[in-house]
Amino acid sequence: MDRDIILKVKEGDRKAFEELYNRYYSYALRTATAITKSTQEAADAVQETFIRVYRNIYSFNTNRPFKPWFYRILVNECNRVMKDKSRVVFVSHYMEQDSIHARKDDYHFEEYEELYAAIEALSDIYRIPIILKYLNDFTEKEIGEILSLNINTVKTRLYRGRQKLKKSLEKIEERRIEHG
Amino acid sequence: MDDKMVDEKIKKALIDGTDSALGLKEDVWNNIQNNLDKHNMKGEIALAKKKRKSLFVTIASTAAVIAIVFAVSTEPGRAAAQKIKDLFLPEKDIVQELEGQEEDTHVNLNESEMGYIIYVDESRYKMEKLDGRDRIAFKEELDDNIPDVYMDIEQVRDSTPEELATQIEEELKADFEVVRNEGIVDEPLRAIRLYARDGDEWNSKVVKYYLVNNGKGGTFVIKEHFFYEASEGHGVRFDNMLKDFKIIELAK
């Protein structure tokens, strides 16, 4: 249970904090990578998020769920690092991962690669809710709380973002058929 | 392509696309550890629990407190007013994003006797002085079934933001369905933020508090009041005004 760990972290228990890190690290870094489009900036954002969590945990109300609170801080940190650092043209970082490539057949790899590129090309107002929903399984209500948006706005943005991605997928499929 | 398949493909693309980042786990943890050790944060947490006031010294230092020191002791009010005019543009144009659309907005400088300045969109809102507080209120008359739209600013000199956060959170819990203490935020300004809403209807009342350290052990209490459907409209407009909220310390 998050609550038990958080109560210990509130007491300054570093072991409990490490446990919290192990529990949240993986999806926090995936989320930050998808938002910032940069592994290094994502690492910075995640690092600062955990430091802020540790520093502000005393103000966290343990009767409320921790995950949306954590991700609100994470999204803010992602926005901060993106604002702070001059951006470079994104080069798909998973191109470096030859070991992963080798395990996939070419078509499916290309399909997911192109779909990921399509996600990255979405404007932030669609992209960030999509990332929170599909990577983290947040509900529309939780996404609204994390991004301080009303639920109808979240629904609209998820719907439009998804429609754009569906069109991209259809184009990928058409190209695949054209090329045999 | 059916919807379920689209969902599965989006999920898989995000997982595959972010796999490479996971190898940094140890490096990130080591950096966090170093940072915690450097700042002896275990001590900070313990201190925060006993003497929470100290944490907000940090807020005060970054809360855009501007000390205006003037040598002329005569007519201090007029000199202060002139100094403020010299420091800040009396009016300016800003670009704000509302519902994904950019909008050019003209804003005017307003100075408060409480010791702060703020830029107000005077085409939509008027700033008025009420009993012990300032109100930036929406100019249009709304139907009776719609909560009033305004932002109140007052100064509580003898309570810290954290003390007030606890007190206000308890009061909100008595009246609102959803209450969140969001802790310290940096946007639109450095403050403790509280959020409360009395339901999920389009006209459900929403209040947002920003508790800003006044640099002297007290707090500027900023309360936004609007309705749920207006979260992306008035809510964003109020937040954008707060980006330029600056505390002015008048010193003789």
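Check the entry above for the structure.
Residues numbered from 1 in each chain as written. Chains lettered and ligands numbered in written order. Predicted model: local features only at pLDDT ≥ 70, side-chain atom pairs only at ≥ 80, totals over all residues. Heavy atoms only, no water.

**As for the overall build of chain B**
In step 1: Helices and strands together make up the secondary structure of chain B, namely 7 helices and 12 strands.
In step 2: Every one of the 252 residues in chain B was classed for burial, and the buried ones make up 48%.
In step 3: A sequence separation of at least 24 residues applies to 49% of the contacts in chain B between residues at least 6 apart.
In step 4: As presented, chain B carries roughly 12,800 Å² of accessible surface, and 46% of it is formed by carbon and sulfur atoms. (Helix = DSSP H or I, 4+ residues; strand = E, 2+ residues; numbered from the N terminus. Buried < 20%, exposed > 50% of the residue type's maximum accessible area, 1.4 Å probe, protein only. Contact = heavy atoms within 4.5 Å. Areas by Shrake-Rupley, 256 points an atom, 1.4 Å probe, with all protein chains shown as cover.)

**Things to note about the packing of aromatic side chains**
In step 1: Applying the stated criterion across every chain, the model contains 21 aromatic pairs over all chains.
In step 2: Between A:Tyr21 and A:Tyr25 the ring centres are 5.1 Å apart and the planes differ by 40°, which places this aromatic pair in the tilted class. You can see A:Tyr21 and its partner A:Tyr25 sitting in helix α2 (residues 14–36), 4 residues apart, about one turn around the helix. Accessibility assignment for this pair places A:Tyr21 and A:Tyr25 in one class, buried.
In step 3: Classification of A:Tyr21 by relative accessible area gives buried; the value is 1%.
In step 4: Positioned over the ring face of B:Tyr119 is B:Lys92, at 4.2 Å from the centre of the ring. (Phe/Tyr/Trp six-rings, centres within 6.5 Å; stacked < 30°, edge-to-face > 60°. Lys NZ or Arg CZ within 6 Å of the ring centre and 35° of its normal.)

**Notes on the sheet that holds strand β9 (residues 191–197) of chain B**
All names here are of chain B.
In step 1: Read across the open sheet, the 7 strands follow the order β5-β6-β7-β11-β10-β9-β8; overall the sheet is antiparallel. At either margin of the open sheet sits one strand with a lone partner, and together these are β5 (125–130) and β8 (178–185). Ignoring which end each strand starts from, the neighbouring axes of this sheet average 15° apart.
In step 2: Strands in contact with helix α6 (residues 161–175) are β7 (150–156), β8, β9, β10 (205–213) and β11 (219–227); relative to β10, the strand with the most contacts, it is inclined by about 165°. (Pairing = 2+ DSSP bridges. Axes fitted to C-alpha atoms, helices over the stretch in contact; angles between N-to-C directions.)

**Description of the interface of chain A and chain B**
In step 1: Opposite the 63 residues of chain A that make contact, chain B presents 59 residues.
In step 2: Here chain A and chain B share an interface that buries about 5,800 Å² over both sides, 57% of which is from carbon and sulfur atoms.
In step 3: A salt bridge links B:Arg180 to A:Glu145; its shortest N-O distance comes to 3.9 Å.
In step 4: Inspection of the region where chain A meets chain B yields 22 residue pairs in polar contact (both at pLDDT 80 or more).
In step 5: Contributing elements (two or more residues each) for the side of chain A that touches chain B: α1 (2–10), α2, α3 (39–56), α4 (66–84), α6 (106–121), α7 (124–136), α8 (140–147) and α9 (151–178) of chain A.
In step 6: Looking at the side of chain A that touches chain B element by element, the count peaks at 12 residues for α2(A).
In step 7: When the residues that make up the side of chain A that touches chain B are grouped by side-chain class, the tally is 30 nonpolar, 15 polar and 18 charged. (Buried area = accessible area lost by both parts, 1.4 Å probe. Salt bridge = Lys/Arg side-chain N within 4 Å of Asp/Glu carboxyl O. Polar contact = N/O pair within 3.5 Å; in protein donor to acceptor, adjacent residues only side chain to side chain. Nonpolar A, V, L, I, M, F, W, Y, C, P; charged D, E, K, R; others polar.)

**Here we look at a positive patch on the surface**
In step 1: On the surface, A:Arg160, A:Lys164, A:Lys167 and A:Lys171 cluster together into a patch of positive charge.
In step 2: When you line up the elements, A:Lys164 lands in helix α9. (Patch = residues over 30% accessible without salt bridge, like charges linked within 9 Å, V, L, I, M, F, W, Y side chains within 5 Å. Lys, Arg positive; Asp, Glu negative; His and termini not counted. Charge placed at Lys NZ, Arg CZ, Asp CG, Glu CD.)

**Let's talk about the side chain of A:Lys166**
In step 1: Relative to the elements of secondary structure, A:Lys166 occurs in helix α9.
In step 2: You can call A:Lys166 buried: its relative accessible area is 18%.

**Side note on the pattern of salt bridges**
In step 1: Tallying each qualifying case throughout the model produces 30 salt bridges over all chains.
In step 2: We note a salt bridge from B:Asp186 to A:Arg52, for which the minimum N-O separation is 2.9 Å. Within this pair, whereas B:Asp186 is found in the loop between β8 and β9, its partner A:Arg52 is found in helix α3, the two belonging to separate chains.
In step 3: Given a relative accessible area of 34%, B:Asp186 falls into the partly exposed group.
In step 4: Across the pair B:Arg124 and B:Glu103 runs a salt bridge, and its minimum N-O distance is 3.7 Å. Residue B:Arg124 is located in the loop between β4 (116–120) and β5, and its partner B:Glu103 is located in strand β3 (residues 101–112); the two are separated by 21 residues in the primary sequence.
In step 5: Exposure remark for B:Arg124: the relative accessible area of 26% places this residue in the partly exposed category.
In step 6: Within this structure, A:Arg52, A:Glu77, A:Arg80, B:Asp186 and B:Arg190 form a network of salt bridges that share partners.

**Description of α6(B)**
All names here are of chain B.
In step 1: Look at α6: 21 Å from first C-alpha to last across 15 residues, which is about the 21 Å you get at 1.5 Å a residue.
In step 2: Residues of α6 that are buried: Pro161, Glu162, Leu164, Ala165, Ile168, Glu169 and Leu172. Summarising the axial view, the buried residues of α6 lie within an arc of 145°, below the 170-degree limit, and thus occupy one face. (Expected span 1.5 Å × (residues − 1). Arc of directions from axis to C-beta.)

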